[in-house]
Amino acid sequence: MRAFTYQRASSAAEAAKVVYNNREAKFLAGGTNLIDLMKIEVETPTHLVDVNGLGLDEIAPTEEGGLRIGALVTNTACAADERVRRDYGVLTRAIVAGASGQLRNKATTGGNLLQRTRCPYFYDTNQACNKRKPGSGCAAIGGASRQLGIIGVSDKCIATYPGDMAVALRVLDAVVETVKPDGTTRAIPIAEFHRLWGDTPEIETALEPGEFITAVVLPKPLGGKHLYHKVRDRRSYAFALVSVAAVIQPDGTGRVAIGGIAPKPWRVESADAALPDVAAAARALTAGASPTEENKFKIALVERTLAGVMAEARS
Amino acid sequence: MADFEAFKVSRRGVLAGGTVSVAATSVPVVRARAAAQPATPTVPVSLKVNGKEHKLMLDTRTTLLDALREHIKLTGTKKGCDHGQCGACTVIVNGTRINSCLSFAVMHEGDEVTTIEGLGTPDNLHPMQAAFVKHDGYQCGYCTPGQICSAVSVLEEIRKGVPSHVTDDLEGPMKPTNMEMRERMSGNICRCGAYSNIAEAMAEVAGEKA
Amino acid sequence: MKFDSPAQTNPIDQLKIVGKPTPRIDGPLKTTGTAPYAYERHNVVPGQAYGYVLGAGIAKGRIKAMNIAHAQQAPGVIGVLNTLDFEPAPLGSQNTANLFGGAEIQHYHQAIAMVVAETFEQARAAAHMIIVEYEREHGNFDLAKLAPDAPLVKGGNGEPSVDSYGDFESAYAAAPVKLDATYTTPDETHAMMEPHATIAAWDGDKVTVWMSHQMIQWGKVALAKALGVPQENVRIDSPFIGGGFGGKLFIRADVVVAALAARKFQRPVKVTLQRPLIINNTTHRPATIQRIQLGAGKDGKLTAISHESTSGNLPGGGPEGAVNQTQLFYAGANRRTALRIAELDLPEGNAMRAPGEAPGLMALEIAMDELAEKLSMDPVELRIVNDTQVDPMNPDRPFSYRDLVGCLRRGAEAFGWDKRNPKPAANRKGRWLIGHGMAAGFRNNVLRKSGARVRLGSDGVLIVETDMTDIGTGSYTIIAQTAAETMGLPLNRVRVELGDSSYPVSAGSGGQWGAVNSTAGTYAACVKLREKVATALGLSGDDITFANGKVASGDTSFALSDAAKNGEIVAEDSIEYAEVNESHQQSTFVAHFVEVAVDAYTGETYLKRMLAACSAGRILNPISARSQVIGAMTMGAGAALSEELAVDKRFGFFVNHDLAGYEVPVHVDIPHQEVIFLDETDPWSSPMKAKGVGELGLCGVGAAIANAVYNATGVRIRDYPLTLDKYLDRLPKV
């Protein structure tokens, strides 16, 4: 880990400005992903701006009937919030399917959105990785790719976005609120927040340099059944092979998003429209997939997991 | 040359950037920065650990785990992976369990930290420690402090109504069932495989049958 | 003490303390964080500097150049230990891969440098500043590709060897019922929770290492050789070990670089292998490809058994002995077993808990399940009809004690096996496909010389000293129980000191031989102490008893401590075995029963119940013995369902080299586990009449799970681990 200087931010705008002005600076919130990556020098900031004291740890109702979740609300606090449990069960279920109790106690709402891929080649600095070192190549292509992406990937990078929370946020059509270094704010729909890798897998989100997440806003509740099924090789404390977040209405229509297969939570309008037809929805969700030999099973797994979720919704 | 075929298959991705190349050529693996670093930045940090104030001067890179183990010399908290993948470093900070390996000490200015040493001593065991001894909820003992810090916290989290992955009714009351405890303890790996016994130790403390 | 004939009645048979469920005496230390492990021994020597190891970035080739200038100039750096400045350290007899020194790279993450600095943070940062230029060479990394041409392993006579008995080919050709199937097991890693760690300090030409090690004497010999110093100049201290499972049987790079650096920089140095380095830097259980052919009569009796296994290793490394148990486990007049080995350039393959049997039985016991199905026979019954009480390849040689049939019957009864539906894929509850499976297991009992020293103080406290280790096995407690029983003391009057090479050499911890041999050695020392005590108290005759802290003969009775009132009495002895293991085959046996639920939609497999019934001689401490068995069952569950080192066959390394990528079982994966120990003794083993159980629980459990998954789904998977991608397309349509 490189040596770094440390400061506690006094305001979100100030934090954004500091990080904007120093390209080697990073925000530090829960730290559960950043510190992990700093130890192996995948992340090499020389200055950290600790944003934990900014007070963005409240969950408050919005005028539109939704909830505004402060960026520093921990995963545990968000999942345990009575309103979230009651009206946004898919979010609670997605959060508690991720990581471990200890990590969720530390990880934050904003930080979780920025969680970086778990591709093992990204983690191993001896290996070529376009995301870690643009232009160096992708050792994962042709390598151990069982966990990696099948859709929305590119010939530069086949990593996935590894998180769970964002998959639920995607079905909920959440909005990410930010402040920019110039003090202006903006609202980014979750659909546009994570980018496909394309030729620049090192650019993972729509955030601009220094732009700082202040909150995630949930629109008013959708009703329906809220389900999250995460398929993994062990039953807990593991990243998804495939996960399905769904909000399903009594008539079987609804919304569905898939985790573990793409650079972002994968939601396709035509798949939602096809519900409750599982096969059609799954076809829409995996259309254009370009899996490897090792991870092509994920195509069938998407359909089967979705079928299980729909069966549970009916029960 | 049995593997050469596989090597070629990989070229599409790997050779794109040209840093890693085929057999028997020279491969510089550059893993260095250009020049030596300036002197190590240090910061004052005060922690209240097991009720006792500690004023430390620390390299900013010092994790809470290493502050405890290497500076305060409280070595009960263990380093199993240093990457949040095992749970051996679990401590209780301001009443909440966290992985102390994934937190810088400087982030904990003024925090109250409870480690395994703060729960009980060999002559005066905490009820959870005593239950672990009784039910043989450990073998090599290395993950044990983290397991116990988690176990104590898990029962508290259930009491507070924090939901888990196996909670059926998100709005109903939480109970310390066998499945609830097992799921919530899953961030603490025990390679010796004492899980079944730990569940029984926790059930005894929780007053429920495993 | 020589042990050359079956044990007669002896003080252990009192069973006042031995055999009683006894909470571990080291429990209060372990549960309060006060048991000291290697890296955290701040108090043993002042001025400890921190080391951080750099691993090679290629799998095979040479280092052309290493630039350590930036690292050397980095803040806090004391120095850099550079592999190019050293000849390869001479290897111990049980090591294959070079541990440190020289330009040649034999495997990925081989230790090539270590930065020593004032703090951990400084050492780690500087290690990342080292620039290495490699000359990469072609390597072989694909076992499946090399397997068809892999040569037979050479036997004792140096010739390629097949072990055969009878005429397998003819008997197999003639068998009315046949099975011929190939099974694979992946590379696995020990993943013990405590990383390999060492503190090394020199005093003149003598070095002390505080490390985490299973076999103190082996370590001492190997380290002395690596450092080029006489053995008597090396001291190892390893009182607490955070798990080993075979990964700490032989010295690894941590102790070599710590000792070399401590010598070079004249500072005590502490180092722990960082977790992402361990998997490729140290050893692993090698993958296997196993072909099994079974021929049986319609009555289920095996007439022909063949088991051939191919594994890989670095040049000079040994095979995974996956066919060992097949020579002894089941009756059958015609048999052949063989091992093949391919030279791979992956990291070193070496012992991991139940080496040989663990992967071997994962295959053999699926094969038996498949055969039972072909025979329309209950798989428990198939194993019962094929029981043998003699070494099948040497029928004049009986088993010392073998009650596999008892394990099968007791286990089946306790599990409710008779209620299982033998028809596959016929038991569905909602979305869950329920399945039941069983398998038998086998592991030898190994006898090794083991010594101890006992000291009786004037305060009446007895101290046992031996270089035996406790790697979670419960050695502290069973040794204390043994000494207390033999000397007639309460348990709390016995103190046990382990893991120090200045103590008498013990059997050490490995191969499930630790418990029986180390307690027998303790017993031997205590018997000698009893004689010295009697002499000191002026007692003679055959009626001397040691009980309740007293020594009595006739009407005379003394407090045991009276014997030492003029000074400590010390006795030292070893247990040494004669031919007992050659005349009689000593083994341990288990029957595993498992219930699984497989998600009909996703193929996720959950364990619902696990039960093991064990035949392992006298159980010295039912609490810790049970823990050993459930722990091994847990490791077996991982091997069956999720554990696999993913090999990058182009670049030659294990890709998922941390605890997030390599998925061992977590709490929620493991249900309540039941263990039954058959009530038995084996007088051929030792005066303790006990045998090992530490690895037995792992033997066969993976196959029991695989067989349960087959029973649940109707899909037979022969490639471990049974991850859902291997059978998703064969599950019921959704």
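The rules behind these values
- Residues numbered from 1 in each chain as written.
- Chains lettered and ligands numbered in written order.
- Predicted model: local features only at pLDDT ≥ 70, side-chain atom pairs only at ≥ 80, totals over all residues.
- Heavy atoms only, no water.
- Helix = DSSP H or I, 4+ residues; strand = E, 2+ residues; numbered from the N terminus.
- Buried < 20%, exposed > 50% of the residue type's maximum accessible area, 1.4 Å probe, protein only.
- Contact = heavy atoms within 4.5 Å.
- Axes fitted to C-alpha atoms, helices over the stretch in contact; angles between N-to-C directions.
- Nonpolar A, V, L, I, M, F, W, Y, C, P; charged D, E, K, R; others polar.
- 1 Å grid on protein atoms, 1.4 Å probe; cavity = no way out; pocket = protein on both sides within 12 Å on 5 of 7 lines; lining within 4 Å.
- Points joined across faces, edges and corners; volume = space filled by probe spheres on them.
- Buried area = accessible area lost by both parts, 1.4 Å probe.
- Salt bridge = Lys/Arg side-chain N within 4 Å of Asp/Glu carboxyl O.
- Phe/Tyr/Trp six-rings, centres within 6.5 Å; stacked < 30°, edge-to-face > 60°.
- Lys NZ or Arg CZ within 6 Å of the ring centre and 35° of its normal.
- UniProt positions renumbered as here; feature names shortened; annotations may be inferred.
- Pairing = 2+ DSSP bridges.
- Core = buried A, V, L, I, M, F, W, Y, C linked by side-chain atoms within 4.5 Å.
- Polar contact = N/O pair within 3.5 Å; in protein donor to acceptor, adjacent residues only side chain to side chain.
- Disulfide = S-S within 2.5 Å.
- Domains from an automatic or database assignment.

1. Some thoughts on the overall build of chain B
Argument step 1. Looking only at helices and strands, one finds eight helices and six strands in chain B.
Argument step 2. Start at the N end of chain B and walk to the C end: the helices and strands fall as α-α-β-β-β-α-β-β-β-α-α-α-α-α.
Argument step 3. Residue burial in chain B is summarised as follows: out of 210 residues, 62% are buried.
Argument step 4. Pairs at least 24 residues apart make up 51% of the contacts formed inside chain B by residues separated by at least 6 positions.

2. Some details on the packing of helix 8 (residues 195–206) of chain B against helix 15 (residues 622–641) of chain C
Argument step 1. One can describe the packing of helix 8 of chain B onto helix 15 of chain C by two numbers: an axis separation of 8 Å at closest approach and a directional angle of 115°. The segment helix 8 of chain B lies against helix 15 of chain C, with B:Tyr195, B:Ser196 and B:Asn197 engaging C:Arg626, C:Ser627, C:Ile630 and C:Thr634.
Argument step 2. Taken together, the residues that form the contact of helix 8 of chain B with helix 15 of chain C break down as two nonpolar, four polar and one charged.

3. Things to note about empty space enclosed by the protein
Argument step 1. Considering all chains together, one arrives at eleven cavities of 30 Å³ or more under this definition.
Argument step 2. In this model, the largest cavity occupies a volume close to 230 Å³.
Argument step 3. Lining the largest cavity are 21 residues, with A:Asp233, A:Arg234, C:Thr605, C:Leu641 and C:Asp669 positioned closest to its centre.
Argument step 4. Secondary structure elements with two or more residues in the lining of the largest cavity: strand 29 (605–615) and helix 15 of chain C.
Argument step 5. Of the residues that constitute the lining of the largest cavity, the class distribution is ten nonpolar, five polar and six charged.
Argument step 6. Approximately 150 Å³ is the volume found for the second largest cavity.
Argument step 7. In this structure, the second largest cavity is lined by 18 residues; those nearest its centre are B:Asp82, C:Tyr52, C:Phe120, C:Gln274 and C:Arg275.
Argument step 8. Of all the secondary-structure elements, those providing two or more residues to the lining of the second largest cavity are strand 2 (49–55), helix 3 (120–127) and helix 8 (275–281) of chain C.

4. Examining the interface of chain B and chain C
Argument step 1. If you look at the interface, chain B gives 80 residues, while chain C gives 88 residues.
Argument step 2. Summed over both sides, the interface between chain B and chain C buries roughly 6800 Å², with carbon and sulfur atoms accounting for 57% of that surface.
Argument step 3. Counting across the interface, chain B meets chain C through five salt bridges.
Argument step 4. Mapped onto the side of chain B that touches chain C, the elements with two or more residues apiece are helix 1 (4–9), strand 1 (26–29), helix 3 (64–71), helix 4 (116–119), helix 5 (127–135), helix 6 (144–160), helix 7 (178–184) and helix 8 of chain B.

5. Side note on the packing of aromatic side chains
Argument step 1. On inspection of all chains with the given rule, the structure shows 22 aromatic pairs over all chains.
Argument step 2. Arranged with centres 6.0 Å apart and planes meeting at 75°, the rings of A:Phe122 and A:Tyr123 form a pair that is edge-to-face.
Argument step 3. Since its relative accessible area comes to 1%, A:Phe122 is described here as buried.
Argument step 4. A:Tyr123 sits in the buried class, given a relative accessible area of 10%.
Argument step 5. Judged by centre distance (5.1 Å) and plane angle (80°), the ring pair of B:Tyr142 and C:Tyr37 falls under edge-to-face. On the criterion of chain membership, the pair formed by B:Tyr142 in the loop between helix 5 and helix 6 and C:Tyr37 in the loop between helix 1 (27–32) and strand 2 is interchain, its members lying in two chains.
Argument step 6. Exposure remark for B:Tyr142: the relative accessible area of 3% places this residue in the buried category.
Argument step 7. These aromatic residues form a ring-pair network of at least three members: C:Phe329, C:Tyr330, C:Phe399, C:Phe442 and C:Phe589.
Argument step 8. The lysine or arginine in question, C:Lys270, covers the ring of C:Tyr39, its NZ or CZ lying 4.2 Å from the ring centre.

6. Observations regarding the UniProt feature "domain: FAD-binding PCMH-type" (unreviewed entry) in chain A
Argument step 1. Following the UniProt record, one finds the feature "domain: FAD-binding PCMH-type" (unreviewed entry) at residues 1–223 of chain A.
Argument step 2. Overall, residues 1–223 of chain A shows 28% helix and 16% strand. The separation of its end C-alpha atoms is 46 Å.

7. Re the sheet that holds strand 15 (residues 302–313) of chain C
All names here are of chain C.
Argument step 1. Strand order in the open sheet made by the five strands is 8-16-15-14-9, with mixed pairing throughout. Edge positions in the sheet fall to strand 8 (162–165) and strand 9 (177–185), since each has one partner strand and no second. Adjacent strand axes in the sheet meet at a mean angle of 10° when their direction is disregarded.
Argument step 2. Here four bridges tie strand 8 to strand 16 (residues 334–343), and the two strands are oriented antiparallel to one another. Counted as the bridge partner of Asp 163 is Thr 337 from strand 16.
Argument step 3. Strand contacts of helix 9 (residues 357–375): strand 9, strand 14 (288–296) and strand 15, with the helix running at about 150° to strand 9, the strand carrying the most contacts.

8. Points about the nonpolar core
Argument step 1. Grouped together as the largest cluster of nonpolar side chains are 271 residues, with contacts concentrated most on B:Phe104, C:Val533 and C:Ile705.
Argument step 2. Counting residues per element, this core draws most heavily on helix 9 of chain C, which supplies eleven residues.
Argument step 3. Not counting residues up to four positions away in its chain, the partners in contact with B:Phe104 are A:Met1, A:Phe4, A:Leu28, A:Ile35, A:Met38, A:Leu48, B:Thr60, B:Arg61, B:Thr62, B:Thr63 and B:Leu64.
Argument step 4. Core analysis: the next-biggest nonpolar cluster, separate from the first, contains 39 residues, C:Ala49, C:Ile251, C:Leu273 and C:Ile278 among them.

9. Things to note about the interface of chain A and chain B
Argument step 1. Taken together, the contact pairs 55 residues of chain A with 56 residues of chain B.
Argument step 2. With both sides pooled, the region where chain A packs onto chain B buries about 4400 Å², and carbon together with sulfur makes up 55% of that total.
Argument step 3. Ranking the residues of chain A by area buried against chain B places A:Arg85, A:Gln102 and A:Tyr237 at the top, with a combined share of 16%.
Argument step 4. Note that A:Lys39 is salt-bridged to B:Asp82, the shortest N-O span being 2.7 Å.
Argument step 5. At the boundary of chain A with chain B, the tally comes to 22 residue pairs in polar contact (both at pLDDT 80 or more).
Argument step 6. Counting only elements with at least two residues in the side of chain A that touches chain B, the list comes to strand 1 (5–8), helix 2 (34–39), strand 3 (47–50), helix 3 (75–80), helix 4 (82–87), helix 5 (89–96) and helix 6 (101–106) of chain A.
Argument step 7. The leading source of residues in the side of chain A that touches chain B is helix 6 of chain A, at five residues.
Argument step 8. Here the residues of the side of chain A that touches chain B sort into 20 nonpolar, 19 polar and 16 charged.

10. Details of the pattern of salt bridges
Pairing between side chains becomes possible if they bear opposite charge and their charged atoms approach one another.
Argument step 1. What the rule picks out here adds up to 72 salt bridges over all chains.
Argument step 2. Salt-bridge contacts for C:Asp345 lead to C:Lys60; the nearest nitrogen and oxygen are separated by 3.7 Å. Here C:Asp345 is found in the loop between strand 16 and helix 9, whereas its partner C:Lys60 is found in the loop between strand 2 and strand 3 (61–67), with 285 residues between them in sequence.
Argument step 3. On the basis of relative accessible area, C:Asp345 is assigned to the buried category, the value being 8%.
Argument step 4. The salt bridge partner of C:Arg455 is C:Glu465, with a shortest N-O separation of 2.9 Å. With C:Arg455 in strand 21 (residues 450–456) and C:Glu465 in strand 22 (residues 462–466), this pair connects stretches of sequence that are ten residues apart.
Argument step 5. Beyond isolated ion pairs, a larger network of salt bridges with shared partners links A:Lys26, A:Glu43, A:Arg116, A:Lys131 and A:Glu204.

11. Details of the pairing of strand 3 of chain C
All names here are of chain C.
Argument step 1. Sheet topology places strand 3 next to strand 5 (residues 104–105); two bridges connect them, and they run antiparallel. Residue Gly 61 lies in a different strand from strand 5, and its bridge partner there is Ile 105.
Argument step 2. Two strands pair when backbone bridges link them, and strand 3 and strand 7 (residues 131–136) are joined in this way by six bridges, in the antiparallel orientation. The partner of Ile 63 across the bridge, within strand 7, is Tyr 134.

12. Here we look at the state of the cysteines
Argument step 1. In total, this model carries zero disulfides over all chains according to the counting rule given.
Argument step 2. Lacking any disulfide linkage, B:Cys149 is separated from the closest cysteine sulfur, that of B:Cys89, by 10 Å.

13. Let's talk about the domain arrangement of chain B
All names here are of chain B.
Argument step 1. Domain boundaries in chain B define domain 1 (38–118) and domain 2 (120–210).
Argument step 2. Each of domain 1 and domain 2 has a C-alpha centre, and these two points are 22 Å apart.
Argument step 3. Between domain 1 and domain 2, the residue contacts involve 18 residues of the former and 17 residues of the latter.
Argument step 4. Carbon and sulfur atoms make up 51% of the surface buried where domain 1 meets domain 2, a total of about 1300 Å² over both sides.
Argument step 5. Our enumeration of links across domain 1 and domain 2 arrives at one salt bridge.
Argument step 6. Arg 97 serves as the salt-bridge partner of Glu 157, at 2.9 Å between the closest nitrogen and oxygen.
Argument step 7. In this structure, the connection of domain 1 to domain 2 is made through eight residue pairs in polar contact (both at pLDDT 80 or more).
Argument step 8. Elements with a minimum of two residues in the side of domain 1 that touches domain 2: strand 4 (90–93) and helix 4.

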